[in-house]
Amino acid sequence: MATRHFLTLLDCSPDELRNIIKHAIALKNSPDLRDESMKNRTLGMIFEKSSTRTRVSFEVAMNQMGGSALFLSPSDTQLGRGEPLEDSARVLSRMVDVITIRTFSHASLELFAQHSRVPVINSLTDDYHPCQLLADMQTFFEHRGDIAGKTVTWVGDGHNMCHSYINAARQFDFELRIACPEGFEPRADLVEANADRVQILRDPVAAVRDSHLVVTDVWASMGQEDESLERLRSFEGFQVNHELMAHAASDALFMHCLPAHRGEEVSAELLDAADSVVWDEAENRLHAQKALLEFLCCRD
Ligand code: CP
Ligand code: NVA
């Protein structure tokens, strides 16, 4: 059977994604299902950027499913000394059973996957963060039911998380409005390919009107630290707070992949308010990735 990778949400069909989320909810609600499905299996984790949630959730997921995880930092492996990605992929995939990578360039992740014998999972690139979207969708399903036909508003930078929301709009069948300042739009090709369900607006208030879910992310992502000050100015007026949420649907949820910068892209009050489901969202990284690992590694 051909090796399946999870580099973007488009690597699975809409039905497969829904089944992964269904299974994640079942795993969360039935501790008995924490079986030994990954027994004797090893997950290799290559992280070129910092991580709390992604790293810990993958490592705990493997432990709870009877397997183990191996953290590989480029500074301690030959990757950091210039061994080609293709060679590292060939070698590692002869030893471990599944590999997850957090890196900068999405093309590097694709190159690695092309030379890997085992499934490769995107743990975040500059272009996409699909594992986060599994958790986000799980969280919406748990709190509000099916997201199909709903309206979601992204407020902030058109970067990796926003791109994954565009893919999610297509795969989970919802309308996505993106409110961002000029110069911070998501990739034009992605917007064009999904023009039937994705639109860019400049006014956050108009964008969130009657939305069922409002989402944001930091204004300066990993790798953009040098632009932090300039971005603070560019994103003025794009903070998600109670005032903005008041324009959304009365039962609208707020999500943020975290880490959050309180007082910048989100107000401190909103992050801890009842309509914020960010802590469930973070916990669901664990459950969603367990379901994903089983989907990729335990198919007959
Ligand atoms: N949301 C997320 O991916 O968090 P980490 O950077 O802590 O993994
Ligand atoms: N957009 C953020 C997400 C962090 C999980 C970043 O790339 O740093």
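Residues numbered from 1 in each chain as written. Chains lettered and ligands numbered in written order. Predicted model: local features only at pLDDT ≥ 70, side-chain atom pairs only at ≥ 80, totals over all residues. Heavy atoms only, no water.

### What to know about the site of ligand 2
The following threshold applies: Nearness is judged by heavy atoms alone; a residue qualifies as near a molecule or strand once a single heavy atom is within 4 Å of it. Definition of a polar contact: a pair of N or O atoms within 3.5 Å, with one able to donate and the other able to accept a hydrogen when the atoms are protein atoms, and with sequence-neighbouring residues admitted only if both atoms are side-chain atoms. Per-residue and other accessible areas were derived by the Shrake-Rupley procedure at a 1.4 Å probe size, with only the shown protein chains allowed to occlude residues. Every definition here rests on a 1 Å grid over the protein atoms only: cavities are sets of points where a 1.4 Å probe fits but cannot get out, pockets are open sets enclosed by protein on both sides within 12 Å along at least five of seven lines, and lining residues have some atom within 4 Å of a point. More than half of a molecule's atoms within 2 Å of the grid points is what it takes for that molecule to sit in a cavity or pocket. Residues are grouped as follows: Ala, Val, Leu, Ile, Met, Phe, Trp, Tyr, Cys and Pro are nonpolar; Asp, Glu, Lys and Arg are charged; all remaining types, including Gly, are polar.
By nearness alone, every residue bordering ligand 2 is listed as L124, N160, D217, S221, M222, C257 and L258. N160 places a polar side-chain atom, nitrogen or oxygen, 2.8 Å from an oxygen atom of ligand 2. One nitrogen or oxygen atom from the side chain of D217 is found 2.5 Å from a nitrogen atom belonging to ligand 2. Contact with the protein chains covers 94% of the free accessible surface of ligand 2, which is 270 Å². Assessed atom by atom at 2 Å from the grid points, ligand 2 resides in the largest pocket. Of the residues contributing to the shell around ligand 2, the split by class is four nonpolar, two polar and one charged.

### Some thoughts on the packing of helix α2 (residues 53–64) against helix α12 (residues 278–297)
Relative placement of two packed helices is described by the angle separating their axes and the distance separating the axes. To keep things clear, this is the line we draw: Note on geometry: axes are lines fitted to C-alpha atoms, helical ones only across the stretch in contact, with angles between N-to-C directions running from 0 to 180 degrees. The helix and strand labels rest on DSSP assignments: H or I over at least four residues marks a helix, E over at least two residues marks a strand, and numbering proceeds from the N terminus. Geometric relationships in this document are graded by angle, where less than 35 degrees denotes roughly parallel, more than 145 denotes roughly antiparallel, 65 to 115 denotes roughly perpendicular, and other angles denote oblique. Note on convention: the crossing is left-handed when the near helix lies turned anticlockwise from the far helix by less than a right angle, right-handed when the turn is clockwise. Any two residues having at least one pair of non-hydrogen atoms within 4.5 Å are treated as being in contact.
Packing of α2 against α12 leaves a shortest axis separation of 9 Å and a crossing angle of 50°. Between α2 and α12, the crossing angle belongs to the class labelled oblique. Where α2 crosses over α12, the two elements pack in a sense that is right-handed. Within the contact between the two elements, α2 uses R53, T54, S57, F58, V60, A61, M62 and Q64 and α12 uses A282, R285, L286, Q289, K290 and L293. Here the residues of the contact of α2 with α12 are counted per class, giving seven nonpolar, four polar and three charged.

### Things to note about the site of ligand 1
The immediate surroundings of ligand 1 are formed by S51, T52, R53, T54, R102, H129, Q132, C257, L258 and R285. Q132 places a side-chain nitrogen or oxygen 2.9 Å from a nitrogen atom of ligand 1. In isolation ligand 1 exposes 250 Å². Once the protein is present, 95% of that is buried. Classifying every residue of the shell around ligand 1 gives two nonpolar, five polar and three charged.

### What to know about the pattern of salt bridges
Basically, it comes down to this: Should a side-chain nitrogen of Lys or Arg be within 4 Å of a carboxyl oxygen of Asp or Glu, the pair is scored as a salt bridge. Each residue is placed in one exposure class: buried if its accessible area under a 1.4 Å probe, protein chains only, is under 20% of its type's maximum, exposed if it is over 50%, and partly exposed if it falls in between.
Using the criterion set out here, one finds 16 salt bridges in the structure. Across the salt bridge formed by R144 and D251, the nearest N and O atoms sit 3.8 Å from each other. Of this pair, R144 sits in helix α5 (residues 130–144) while D251 sits in the loop between α10 (242–245) and β9 (253–256), and the two are 107 residues apart along the sequence. Judged by relative accessible area, which is 37%, D251 ranks as partly exposed. Taking the shortest distance from any N to any O, the salt bridge between E175 and R177 comes out at 3.2 Å. With relative accessibility at 28%, the residue E175 sits in the partly exposed group. Look at the salt bridges and you will find they share partners, linking D127, R187 and D189 into a network.

### Here's the deal with the packing of aromatic side chains
Heads up, the rule is: Geometry of aromatic contacts follows a simple scheme: Phe, Tyr and Trp rings, the Trp one being its six-membered ring, pair when their centres are within 6.5 Å, and the pair is stacked under 30 degrees between planes, edge-to-face over 60, tilted otherwise. Ring-over charges, as used throughout, are those where CZ of Arg or NZ of Lys falls within 6 Å of the ring centre and within 35 degrees of the ring normal.
Under the criterion given, the structure shown has six aromatic pairs. For the ring pair F141 and F172, a centre distance of 6.3 Å and an interplane angle of 75° mean the geometry is edge-to-face. Here F141 is found in helix α5, whereas its partner F172 is found in helix α6 (residues 160–172), with 31 residues between them in sequence. Seen from their ring centres, W219 and F235 are 5.4 Å apart, and the 10° between their planes marks the pair as stacked. Separated by 16 residues along the polypeptide, W219 in the loop between β8 (213–216) and α9 (228–234) and F235 in the loop between α9 and α10 bring together distant segments of the chain. Classification of F235 by relative accessible area gives buried; the value is 0%. An aromatic cluster is built from F184, W219, F235 and F238, whose rings are joined through pairwise contacts. Over the face of the ring belonging to F71 we find R55, whose NZ or CZ atom lies 3.5 Å from the ring centre.

### Concerning the pairing of β9
Stated precisely, the cut-off is as follows: Two strands qualify as a pair provided DSSP detects at least 2 bridges between them.
Because side chains alternate across β9, one face comprises the buried residues L253 and M255, and the other comprises F254 and H256, equally buried. As paired elements, β8 and β9 share four bridges and run parallel to each other. From the neighbouring strand, V214 faces β9, where its bridge partner is F254.

### Comments concerning the sheet that holds strand β7 (residues 198–201)
Strand order in the open sheet formed by five strands is β7-β6-β5-β8-β9, and the pairing between neighbours is parallel. Either end of the sheet is taken by a strand with one partner, and the two such strands are β7 and β9. Geometrically, the sheet is characterised by an average inter-axis angle of 20° between neighbouring strands, direction not taken into account. Here strand β5 (residues 151–155) pairs with β8 via three bridges, running parallel. Counterpart to T153 in the pairing with β8 is V214. The strands touched by α5 within the sheet are β8 and β9, with β9 carrying the most contacts at an inclination of about 160°. Lying on the sheet, α6 is in contact with β5, β6 (175–179), β7, β8 and β9; it crosses β6 at an angle near 160°.

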